[in-house]
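One letter stands for each residue in the lines below.
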Amino acid sequence: MTQASFCQVMLSLAGRTAVITGAASGIGRAMARRFSAEGMAVVAADVDADALDELAADPSWPSPVRVVPTDVSDPSSVEALADLVFGEFGEVGVLCNNAGVGPMGTIWEVGVPEWEWVLGVNLWGVINGVRSFIPRMLESGREGHVVNTASMAGLIAGREMTRWRLGAYAASKHAVVAISHTLYAELRTAGAPIGVSLLCPAAVNTRIWDTERLRPSYPEGFQPSQSSSEEAERLQAQLRTGLELGSTPAEVAEMVLEAVVDNRFYVFTSPGSPEQVGRHVGDLVDLRNPPVPDLD
C-alpha cells in the first residue's frame, strides 16, 4: 500500500474488534462504550478486576464486551492479552493504549518505586501494547487504528504542571508523545493500513488522580510522596475540583471516534489546547527561559 493510498483508507468499525486498556473507568470505559455502540466487539482490559466485573455485569452494552484483567506494565500480561484477543476474535481494528496513573510530588520527592509505577503504566503500557499488537495487526493486512493516550502534560510540562507537582506524570506522557509521532511515521513509511491518533486530554472528569486504589505493593517502610502532607491533600482537592469542570469521558470518547474514522493524528479535548502548545513552542523557538507559574 502506498503512502497516498494510506491517507484514503476508510476504517469500517462494525463487526471489528476494539481493545482498550484502562477500560474499567474514565476515558477508557467511555471509549469502550462508544466503540460498542458502533457495533464493535470490545475487549476491556484493566488492572482493576473488581471494576471489570462490574463492567461485565452491566446489561446495557450495545455489543459483546470481553473483560480481561491485565497489568499493562508487565510485558507478559499484555502478550497474554494479545494471545487471547487474536485467539478469540482473530483480528483487531482499534487498539487504545489508554491506561494511566498520576502520582504527585516534586521530581526529587517521587521515590524510585513511584517512578517505576508511573513509567510502568503510562510508558511501558504503551510500549507493551505496540509490541504485542502491531506485528499481528500488520500480519493480518487489515485496516486498523491505534490510539495512544498521552496528556497535555506531554506537550507543555513545566509551564502548567509545576504547581500540581506532576513532573513524573509529565515525563511519562512526553515519552508517549514521542512514541506516537514515531509510530505514525514508521507505519506511514511502511505503507501499512494502520493509522495512529495521539489523545492529549486537558481537564476531564475522571478519577485519574485518586491513585491510592491502584497503587502496587511498595517495599516495607516506603512512603509515597503524595500521601503524607496537608499540602498534598490540598492540591489533590484542587485537581479534583478542576477535573469536575472539565470534559466528560463520553465527550472525549466521541472525539476519539471521530479521529479514528477521519484518520486524524491529534486529538485535543479543549479548544484552547493548541494555543497553550503554541506558547510553549514559542519559548523554544525564541530561546526564552520557560516561565514558572506564580513567579514569571
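Structure's up top.
Right, let's walk through the structure included here. Keep in mind it's a predicted model, so treat the numbers as computed, not measured.

1. Brief notes about the overall build of the chain
Okay, so step 1: Check the secondary structure of the chain and you find 11 helices and seven strands.
Okay, so step 2: Expressed as a percentage of the 296 residues in the chain, the buried residues total 51%.
Okay, so step 3: In the chain, the proportion of contacts linking residues at least 24 apart, taken out of those at least 6 apart, comes to 74%.
Okay, so step 4: Put simply, the chain shows about 13400 Å² of open surface, and 56% of that area lies on carbon and sulfur atoms.

2. Side note on the packing of aromatic side chains
Okay, so step 1: Inspection of every chain in the model, using the stated rule, returns four aromatic pairs.
Okay, so step 2: Judged by centre distance (4.9 Å) and plane angle (85 degrees), the rings of F265 and Y266 are edge-to-face.
Okay, so step 3: Taken together, a centroid distance of 6.0 Å and an interplanar angle of 5 degrees make the contact between Y266 and F268 stacked.
Okay, so step 4: Classification of Y266 as partly exposed rests on a relative accessible area of 39%.
Okay, so step 5: A network of ring pairs unites the aromatic residues Y184, F265, Y266 and F268 as a single cluster.
Okay, so step 6: Of note, R33 hangs over the ring of W61, and the distance from its end group to the ring centre comes to 4.3 Å.

3. A few points about the pairing of strand 6 (residues 194–200)
Okay, so step 1: Extensive coverage of strand 6 is indicated by the burial of seven of its seven residues.
Okay, so step 2: Both faces of strand 6 are covered, namely the face carrying I194, V196, L198 and C200 and the face carrying G195, S197 and L199.
Okay, so step 3: In this sheet, strand 6 lies alongside strand 5 (residues 144–149) in parallel orientation, the contact comprising six bridges. By the bridge assignment for strand 6, N148 is matched with L198.

4. Quick notes on the packing of helix 4 (residues 75–88) against helix 5 (residues 112–140)
Okay, so step 1: Where helix 4 contacts helix 5, the two axes come as close as 8 Å, and the packing angle between them is 30 degrees. Here helix 4 lies roughly parallel to helix 5, going by the angle between them. The two elements helix 4 and helix 5 meet at a crossing, and its hand is right-handed. Residue-level contacts link P75, V78, E79, L81, A82, D83, V85 and F86 of helix 4 to N128, G129, S132, F133, R136 and M137 of helix 5.
Okay, so step 2: Along the lines of polarity and charge, the residues of the contact of helix 4 with helix 5 split into eight nonpolar, three polar and three charged.

Conventions adopted
Residues numbered from 1 in each chain as written. Predicted model: local features only at pLDDT ≥ 70, side-chain atom pairs only at ≥ 80, totals over all residues. Heavy atoms only, no water. Helix = DSSP H or I, 4+ residues; strand = E, 2+ residues; numbered from the N terminus. Buried < 20%, exposed > 50% of the residue type's maximum accessible area, 1.4 Å probe, protein only. Contact = heavy atoms within 4.5 Å. Areas by Shrake-Rupley, 256 points an atom, 1.4 Å probe, with all protein chains shown as cover. Phe/Tyr/Trp six-rings, centres within 6.5 Å; stacked < 30°, edge-to-face > 60°. Lys NZ or Arg CZ within 6 Å of the ring centre and 35° of its normal. Pairing = 2+ DSSP bridges. Axes fitted to C-alpha atoms, helices over the stretch in contact; angles between N-to-C directions. Parallel < 35°, antiparallel > 145°, perpendicular 65-115°, else oblique. Left-handed = near helix turned anticlockwise from the far one by under 90°. Nonpolar A, V, L, I, M, F, W, Y, C, P; charged D, E, K, R; others polar.

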